Amino acid sequence: MVFVLSKTNKKLMPTNEYKARKLLKCGKAIIYKYRPFTIKLTEREDGYIQPVEYCCDTGYQHIGISIKSESCEYVNEQRDLLKNETKKHNDCRKYRRTRRSRLRYRKARWNNRKNNLICKDGFAPSIRNKRDRHIDIFKMYYDVIPISSAIFEMGQFDTQILKAMEESRPLPH
């Protein structure tokens, strides 16, 4: 799918790659954005718009996204978050340890991160990152598709209760 903007930056319905390629070759459109791929029409100012729904299945590591109208699904994708986060920070840990033991003894600091970990909004960095990625993805599509409604599915599971139900034990309180 290729997303389309009018001459006046009005969001229009997406089109297929074949039609977009023809419009670009004829000079009736220019490339506006590469991610998501969006073209801007140079002559047309208005067009037909259907109600489009943005559906998002939120998860800790995977985000499922579907953008659809009544007749067609335009986007169907899964985004992966927070992959190998501990491996990415191993170098930082290693360098911090070597700094402490380099020339002189440096005391380990544990209490200097209290204000940085949980900021004024009250969220930990991992949860804040997850929330910000959801907002970024929604804004990215909202800028180029005429979204009329958005649905975010949020599931909360207590794994202790699920395990107790599987093993037919009494539920924890």
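Rules used in this analysis
- Residues numbered from 1 in each chain as written.
- Predicted model: local features only at pLDDT ≥ 70, side-chain atom pairs only at ≥ 80, totals over all residues.
- Heavy atoms only, no water.
- Pairing = 2+ DSSP bridges.
- Helix = DSSP H or I, 4+ residues; strand = E, 2+ residues; numbered from the N terminus.
- Axes fitted to C-alpha atoms, helices over the stretch in contact; angles between N-to-C directions.
- Contact = heavy atoms within 4.5 Å.
- Expected span 1.5 Å × (residues − 1).
- Buried < 20%, exposed > 50% of the residue type's maximum accessible area, 1.4 Å probe, protein only.
- Salt bridge = Lys/Arg side-chain N within 4 Å of Asp/Glu carboxyl O.
- Core = buried A, V, L, I, M, F, W, Y, C linked by side-chain atoms within 4.5 Å.
- Phe/Tyr/Trp six-rings, centres within 6.5 Å; stacked < 30°, edge-to-face > 60°.

(A) Inspection of the sheet that holds strand β1 (residues 2–5) at higher detail. As summarised here, the arrangement of the four strands in space is β2-β1-β4-β3, forming an open sheet in which the pairing is mixed. The outermost strands of the open sheet, each flanked by one partner alone, are β2 (11–15) and β3 (29–34). Here the strands of the sheet are splayed against their neighbours by 30° on average, with no regard to which way each runs. Here three bridges tie β1 to β2, and the two strands are oriented antiparallel to one another. Directly across from Val 4, in β2, lies its bridge partner Leu 12. Docked against the sheet, helix α1 (residues 17–26) engages β1, β2, β3 and β4 (37–41), running at close to 45° with respect to β4.

(B) Structural view of helix α4 (residues 125–142). In this model, α4 (18 residues) spans 25 Å end to end at C-alpha, consistent with the 26 Å of a helix rising 1.5 Å per residue. Of all the residues in α4, the buried ones are Arg 128, His 134, Ile 137, Met 140 and Tyr 141.

(C) Region of interest: the pattern of salt bridges. For the coordinates displayed, the defined rule picks out five salt bridges. Between Glu 77 and Arg 79 there is a salt bridge, with its nearest N and O atoms 3.0 Å apart. Of the residues examined, Arg 79 reaches a relative accessible area of 17% and is grouped as buried. In this structure, the salt-bridge partner of Asp 132 is Arg 131, at a minimum N-O distance of 3.3 Å. Arg 131 sits in the partly exposed class, given a relative accessible area of 31%.

(D) Inspection of the nonpolar core at higher detail. Among the nonpolar cores identified, the biggest contains 18 residues, and Tyr 54, Ile 65, Ile 67, Tyr 141 and Ile 145 are the most heavily contacted of them. If you list the elements that add at least two residues to this core, you get β5 (52–57), β6 (62–68), β7 (73–80) and α4. Apart from the residues lying within four places of it in its own chain, the contact partners of Tyr 54 are Ile 65, Ser 66, Ile 67, Ile 137, Phe 138, Tyr 141, Ile 147, Ser 149, Ala 150, Ile 151 and Phe 152. Within the second largest apolar cluster, seven residues are counted, among which are Val 4, Ala 29, Ile 39 and Leu 41.

(E) Just the sheet that holds β5, in detail. The mixed open sheet is built from four strands, whose spatial order is β7-β6-β5-β8. Only two strands of the sheet have a single partner each, and these edge strands are β7 and β8 (147–153). Each adjacent strand pair in this sheet contributes to an overall mean axis angle of 10°, direction not counted. Judged from the seven bridges that link them, β6 and β7 form a sheet pairing that is antiparallel. Its bridge partner lying in β7, Ile 63 is registered against Arg 79.

(F) Layout of the packing of aromatic side chains. According to the stated counting rule, one finds six aromatic pairs in the structure shown. Seen from their ring centres, Phe 3 and Tyr 141 are 6.2 Å apart, and the 75° between their planes marks the pair as edge-to-face. Of this pair, Phe 3 sits in strand β1 while Tyr 141 is found in helix α4, placing the two residues 138 residues apart along the sequence. The exposure class of Phe 3 is buried, given its relative accessible area of 4%. A relative accessible area of 5% means that Tyr 141 is categorised as buried. Plain terms: the ring middles of Tyr 54 and Phe 138 are 4.9 Å apart, the flat faces sit at 80° to each other, and that makes the pair edge-to-face. With Tyr 54 in strand β5 and Phe 138 in helix α4, this residue pair connects regions lying 84 residues apart in the sequence. On the basis of relative accessible area, Phe 138 is assigned to the partly exposed category, the value being 21%.

Nothing here speaks to function; it is all geometry.
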